[in-house]
Every structure is written in structure tokens, then in C-alpha cells.
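Report on the structure
Below are the chains, spelled out letter by letter.
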Amino acid sequence: MPAAPVFTSVRQAVLAMASAGLLSLAAASCLAAEGVLSVPAAPQVDPFIGTGGEGHTFPGAVVPFGMVQLSPDTQLKTRKEGYGWAAGYRYDDNTIFGFSHTHFSGTGHSDLGDLLVMPIAGEVKIEPGSIDQPGSGYFSRFTHDDEEARPGYYAVTLSDYGIRAELTAGERIGVHRYRFPANQPAHVLIDLRTSMYDYPGKVLWSRLRLRADGTLTGFRETRGWAPARQLYFAMRFSTPAIGHALHSTEQDILYKGFAPPAVDDPSARAQIEGRALVGVVDFPTDMRELVIKVSISPVSEDNAIANLDAEMPGWDFDAVLARAEEAWRDALAVFEVEAPASMRLSFYTAVYHALMAPSLFMDADGRYRGPDNAVHQANGFRNVSTFSLWDTYRALHPLLTLIQPEQRTNDFINSLLAARRESAYGILPVWSFQGQETWTMIGYHAVPVIADAWMKGIRGYDGEAALDAMIASASYAPYDGLGDYMQLGYVPIDREGEAASKTLEYAYDDWTIARMARAMGKQDVALQFGKRAGNWRNAFDEETGFLRAKLANGQFREPFDPAASGYGTDYTEGNAWQYSWYVPQDIAGLIQAYGGDAPFVERIDAVFDAEVDPKLFEHMEDITGLIGWYAHGNEPSHHVAYLYDYAGQPWRTQERLKQIMDSQYAARVDGLAGNDDLGQMSAWFVFTALGFYPVAPASNEYVIGRPFLDRVALNLPNGKRFTIVAENLDDAHTYIGSVTLNGKPLERSFIRHEEIMAGGELHFTMQAEPNKQWATGKNARPYSMGTL
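Our subject in this report is the structure included herewith. (Residues numbered from 1 in each chain as written. Predicted model: local features only at pLDDT ≥ 70, side-chain atom pairs only at ≥ 80, totals over all residues. Heavy atoms only, no water.)

**Remarks on the overall build of the chain**
Counted only if it meets this: A helix here means a DSSP run of H or I that spans at least four residues, while a strand means a run of E at least two residues long, and both kinds are numbered starting from the N terminus. A radius of gyration in this sense is built from C-alpha atoms; the matching globule rule multiplies 2.2 Å by the number of residues raised to 0.38. We call two residues contacting when some pair of their heavy atoms lies within 4.5 Å. Accessible surface area values rest on a Shrake-Rupley calculation with a 1.4 Å probe, where residue burial reflects the displayed protein chains alone. Positive: Lys, Arg. Negative: Asp, Glu. His and the chain ends are not part of the count. Where a charge lies is defined by one atom per residue type: Lys uses NZ, Arg uses CZ, Asp uses CG and Glu uses CD.
Counting its regular elements, the chain contains 19 helices and 36 strands. Computed over C-alpha atoms, the radius of gyration of the chain comes to 27 Å, within 12% of the 28 Å expected from 2.2 N^0.38 for 788 residues, which places it in the range of a compact globule. Reported as C-alpha extents along the three principal axes, the dimensions of the chain are approximately 80 × 75 × 50 Å. Counting contacts in the chain only where the partners sit at least 6 residues apart, residues at least 24 apart contribute 70% of the total. With an accessible surface of roughly 27,500 Å², the chain has 50% of that area assigned to carbon and sulfur atoms. Each charge class in the chain can be summarised by its mean position, and for the 65 positive and 97 negative side chains these summaries are 3 Å apart.

Quick look at the structure:
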């Protein structure tokens, strides 16, 4: 259910009523004429969007970029069954197994689900149970009628127990408030055995300790997506416990050592260690309300206690909730949107999902755990982790340079550089979370994140160290065929899988190194990596018109099927139809390779207009959201609709974007066509709704598509205000007729980053028919490689 809006003025209420059909637009206009309407409608977010289908988002409580994501887990699945429950929650479930404190938002692989807490009224069962046998374990059923979510808050009634559960969060804390039924024994169960993508043996070691003051602390080390990941916690209860039991359910232990006192009595144990621990804390039968505050730490149990004391010294759940809601109001206030209610809801929810990661990974004292699994001190920056870089360098990180203070991006980059210093391999992260490297996906895409920031003047880090780290990452020969790439100019498929994708993505990353090096006056580095940026040409097959993988002998691999995808093919999570457009740094060169504008456009049309049986991709979980061969549910396709601009036909981009927006996004639980991927899908939506998109991060240009909002003001972090107006926008007027920037005609199909950051107004006049004269000339087209 969407959150109820909070109106801070008469105008906000009036506009919301008009959007909902409760007040005519004519009446709203009259009020506007009287000066009542002075600010736009209040933001509205629905955290349930993306929790159905394959969006893999969660509805629970989190603050912007917070370390805790406190959310319900509706089923406990093994690794092989867990894809649909990557975020712990699926909207079509009607069971809850508990509330765990760490979750990914929108990933296509998973882990986390740390520290599962479940309130229980009545008899305690320490096993989770089976969903087809109610009462077989500690899980409970629920209904969506009894469920509520809004930014920073989640609530649900556990119907089997009659318990009302409420959740909120701070940066390092999760806070639970439970209302128990009368005259029932009240308990809280803590399960350290469960996690997302579980398997036997995943928990390497864990500990539960009940301290003399009633604080429950512990830790867990797991071998999952990230190996040997350690997380510590501290938990306190607003009502003193009257009993407890600490259980180990591990079987067939080969060596138990020497037993501590009371080892056979779970209720007498003050501490227990093992691989399968579950604790139960008991409370008085007459207790009706219990607040539990929980903190996590990457460093130690004592640090978790310190985090708890720093963020929540008392027991005021509502005060923590108010701070969380204020944090979200402030973060969302960067945009002031006027649009129909469903579009506004989708837009603000997309912004919400784009403000969760990379997430804080540092204690209140500045200490954190690095990729070497040692403890380090952050000096002058806030350490963050959860870098889904193959996804997020494309649109999420560029978006955050526009809507977040520069310090946010500086923290990202300082964290990347710290991880490089602490890495045994001496390179930047590839896909890391909670400080640990997973080696997931391809490329060295921390590089464009840094280069994009540097080119935009965001430079609160050591530029020399940053460029050195970028070069090191691009020169580490053992990584994914890089040695051959440096020697041959491409990755050979007979020595390295998915070689075509790797060649193309390395070439783009290399271009961003060249851009930054030239901006720093390092011409030798710029020339070296500028040359490597052209390596995409080594993958272009003139005969088929596809970008393909070559063998080490220089021949293209045969046989070749452009529809083939998956492991063992030339491509990463895609096929030739989807990857043959990945030359964001040199689209003009790609157009030339195809023989000019007309054949290039014809080829893009063939992508969108093809008749493709979705069963062709049944073996590929991540290839979803099909429009012909175009797959919006996965990142390699995200820039393709904008490429018509480069061929002088921006009206075709406008048509395709409407086709994508209408079919791939909706203001409902299954409203995302694919995994949100830590905000990348949402960032694409935000940019496209605004009217432009960063096809080539580090170019400092955004390619103009078409707007989908009637009016939106960006309250920029530098204090300036940039407004985008779409005059005559409706379903009958979907084409750009003309564009002005600060009152002057804009005859090009791109806008520069510095033009946005200077403030002003971008004004679109929309019309029913395409304007085939606007932005068609060679000089009106977006950047392509040629001058670095």
C-alpha cells in the first residue's frame, strides 16, 4: 500500500486532490490564479513497487544509504531456490518467518538476511517450519490488508500470534516495536542460522551472549556470495527478560571440546558458540508492548554496543521513526514534481530506490572491515560498500552526482580507493559488499565512477592516487583476460569466456581513464588508454554486422548464432543483438562501421521490432523486459533507445522511450520489468522521466530523450535550481517540437552537466507529430570519441 502523503501546504493538498480526481483541474487552476498554489504536491513513495515480479526490492525500513535494512523475510530458501527471494520478501507470499537486518535492494544474486528476529506469543518452536503446515514452526501467516510501508517504516500483523509488528531504522540500528496479545506468554526468537541463498555449511561460526545488563550480543561469519564475511550485533529490550534459552541445533559434531558449565541446560547458558544457533528471550505474560533496538557492526560486539548507544540511548521508537522520515523527506525534496498521480508515485519511488546504495559500512568511531578482513580506520570520509558497479556506473552514480551533495560521491570514491589499498590484489572493487569482494560480473567499472566524478569537478580525494588505482585495475593481467587484451587488443574467446562483452566493456573503461588523464595533463596516459578505447573495432564483424568474439589467432569464432546467450557464449547476460551497441564512447564510430545513419537506424529498428519468443531466454534469469531483442530488465540494453539521437533521428528515440516507459514500469507491486540492481533500473526511470540520460558517463553530457513529467524542479546540492517544463505534454503530444534552455533555442540533442548545475530552465514544447528538423545535424549530436 502506498504511504499516505503528508501535505505541508494548501497547494499540496489541492494538487493531490486534483490528481486523484477529487477536485477538477479547472478548480485547481482557479486556486492557482488566486495564488494559493505556490508549491508542488508532496512526495509519495510506495515501497511495495518492485516486490512482485522480478524487481527483487524489499518493503522494510531503511534510511538513505543506511547500513541496516530491516525487513520481513517471507520464505527461507536455499541457494538453488532463492532467486525470487533475493531481497527476502515476495509480495505474493502470505507468510513471514521473521525480520532480518540486512538486505539487498533489487539484486539478481543474493546473500545477507543477517540476524533474523521473530516475536512469538504462546508456545515456542525453534524451527522455522513449513509453509504448507501452519503451526509447524515459528513462522506466521499475514495478509496485505494488515500491512503498511512507507520510507523508514514497515508494519504488519502476524495473524497466527496476534502480534502487531512495527519497524524503523537509523544508519546503524534497526528498531522493532511489538504489541502482544493479552494473557499470552511473550517471547522473542533470534535465529543465526538463516540467510538469503542459504546452503548447509554457510555459517562458519557464530556466537550468542547474554550479558549481565540484559544486552544480547553476538556475531556470525558466513561463507556465501562474499567469503568469510563477519558481522557483529548488539540487542537490547525495553522490558527486562524473565528467562532465556540459547540453543545449538548442529548435529554430528565431530569434536565438542570440553563442556562449559550448564552446557545441557539452554536456559542456564550465558553464552553459546557454534554453527547453528538460535536464542529465545522470554518476557512477562502481562507485557503488552516491547521495543527492541538492534545495532550491527563490522568490527566487534563492543562496537555494536557503542553504535547502539550513539544512535538510540533511550527507547523512543517514534523519535527514531521521525528522524528516518525526516531523512527521506530531505532526500526526496531534491525534486518537486508535477505530474499525474501514478507517474508521480512511480517517479518518487524510483528516487527512493536510487538512494539506498552504496550503503554505509563503518561504525560510529570510523572503523570498518576491509577486503583483507582486517579492521581499518576511515579518516576524513565515511566508508561505504555494496558496489554493484557493472550495473550502477551507467545511471545511478551519474544521478547521484546531480542530486546528492558532492561529499556523497567523494565518500564513494575514497571508499573505493581504500578498498584498493587494502586489497591483496591491488585493484579497485569489482562487485563488493560489506567490504568483501565477490568477483561478480565483468569490467573494471569503479573506473568510470571515478572518472565521471573527476570530469564533473567532484574532487574531494587524491586524484593522483585515484588515477594510479584506475591504471592498476586496467593493467592487472590475471583478471578476466586482461593480459591477452593488453597484448592482442581484444579478449580471445578460446582463453576466456564471454570475451566479446569483456573486450567492449574494457574499451569503454579505458576511454574514461583517458578522459581523466587528459584532464590532469597526463598526455602519455591519455594516449595509451585512448588507443585502447578503440579496441571495440577489433570485435566488429563487417560480414554479420555484430560485435563478436575472436580466437587468439585473430579469427572470429565459428559457428556463430547471434541469438545465443548464457555461459559459454561470447556475451555476458546478453546476446549479439543486445551487446552490439555497447560502444558508448564512440557511437559515431559505430555508425560509420555500419555504413552511415540509415543502415544504423535500420539495425536498431531490427532490435526493437523483432518477434522473439521469451522462452529463448528461459535459461537466463536476468534477461527480462523484452521488446523484440531489446531487454530492459538487464543493463546492456539501457542506452540503446537513445542511440537514434546519434544518427540524427531524435524523434525515433522519443518513440522508443514511450514504448519502454509504458511497458516496463508501472505503479504496482510488479512494476519493474527486472531486478532493480541496487537502483540502476530506478535511476534509468528517473533520468528518462526528466528527459535525458547519461549514455557515456565521463563525457559530461546527457542525451536528450523526451520528458515524461509536466514540470519538475531540481533543488541542486549547490543551492541552484534547475527546472524542466514540458508544455502540452499528454498522450496525444509525445514528440518534442522545440526546446529552449534559459529562453534560448536549444538545437542539439544533448545537455551538458555544467548547464544543469548552473541552474535555469529547460523548456520542452511537445506536439503530436515528430519534428524531423530538430537536432538532426552532425554538430547537434551527442559526444563521440575523437577528441578526448
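Here the narrative resumes, following the displayed structure.
**Thoughts on the sheet that holds strand β31 (residues 711-715)**
Condition: Paired strands, in this sense, are two strands between which DSSP finds at least two bridges.
The six strands lie next to each other as β18-β31-β32-β36-β33-β34, forming an open sheet whose pairing is mixed. With one partner strand each, in any of the chains shown, β18 (335-338) and β34 (744-745) form the two edges of the open sheet. Bridging between β31 and strand β32 (residues 721-727) involves five bridges; their strand directions are antiparallel. Looking across to β32, one finds that R711 is bridged to V725.

**Quick notes on the nonpolar core**
Keep this limit in mind: To form a nonpolar core, buried Ala, Val, Leu, Ile, Met, Phe, Trp, Tyr and Cys residues must be joined to one another through side-chain atoms within 4.5 Å. Per-residue accessibility, obtained with a 1.4 Å probe over protein chains only, is compared with the maximum for each type, and a residue is labelled buried under 20%, exposed over 50%, and partly exposed between these values.
The biggest cluster of nonpolar side chains holds 167 residues, and the ones touching the most others in it are F335, F347, I450, F600, L690 and L762. Among the nonpolar cores identified, the runner-up in size contains 59 residues, and I163, L167, L216 and M287 belong to it.

**A few points about the packing of helix α7 (residues 396-403) against helix α18 (residues 680-690)**
The criterion, for reference: Comment: axis = line fitted to C-alpha atoms, over the contacting stretch for helices; angle = value between 0 and 180 degrees taken between N-to-C directions. By definition in this entry, angles of less than 35 degrees are roughly parallel, angles greater than 145 are roughly antiparallel, angles of 65 to 115 are roughly perpendicular, and the rest are oblique. Crossing handedness is read from the near helix: turned anticlockwise from the far helix by less than a right angle, it gives a left-handed crossing, and turned clockwise, a right-handed one. Residue type decides the class: Asp, Glu, Lys and Arg count as charged, Ala, Val, Leu, Ile, Met, Phe, Trp, Tyr, Cys and Pro as nonpolar, and the leftover types, Gly among them, as polar.
Here α7 crosses α18 at 55°, and the two axes come no closer than 9 Å. The angle between the axes of α7 and α18 places the two elements in the oblique class. Every pair of crossing elements has a handedness; the one defined by α7 and α18 is left-handed. Taking contact as the criterion, the partners of L396, P398, L399 and L402 in α7 are, on α18, Q680, A683, V686 and F687. Of the residues contributing to the contact of α7 with α18, the split by class is seven nonpolar, one polar and no charged.

**Re the packing of aromatic side chains**
The relation between two aromatic rings is expressed through the spacing of the ring centres and the mutual angle of the planes. The criterion, for reference: Only Phe, Tyr and Trp rings are paired, with Trp represented by its six-membered ring, and only when their centres lie within 6.5 Å; those with planes under 30 degrees apart are stacked, over 60 edge-to-face, the remainder tilted.
According to the stated counting rule, one finds 47 aromatic pairs in the structure shown. With a centroid separation of 5.9 Å and an interplanar angle of 90°, the aromatic rings of F104 and W431 are classed as edge-to-face. Taken together, the residues F104 in the loop between β3 (98-100) and β4 (116-121) and W431 in the loop between α8 (406-422) and β23 (432-433) connect sequence positions 327 residues apart. An identical accessibility class is assigned to F104 and W431; each is buried. Relative to Y506, the ring of Y444 lies with its centre 5.2 Å away and its plane at 25°, an arrangement referred to as stacked. Placement of Y444 in the loop between β24 (436-437) and α9 (446-455) and of Y506 in helix α12 (residues 499-519) is noted, with a sequence separation of 62 residues between them. Of the two residues, Y444 and Y506, both sit in the buried class. A connected cluster of aromatic rings, assembled from ring pairs, spans Y642, Y665, W684, F685, F687, F692, Y693 and Y702.

**Observations regarding helix α13 (residues 523-533)**
We count it as follows: The arc in question is the one spanned by the directions pointing from the helix axis to the C-beta atoms.
Among the residues of α13, those classed as buried are V525, A526, F529, G530, R532 and A533. Taken end-on, α13 shows its buried residues confined to a sector of 155°, consistent with a single buried face. Along α13, exposed side chains directed more than 90 degrees from the buried face belong to D524, L527 and K531. Of the surrounding elements, those touching the buried residues of α13 are α10 (463-473), α11 (482-488) and α12.

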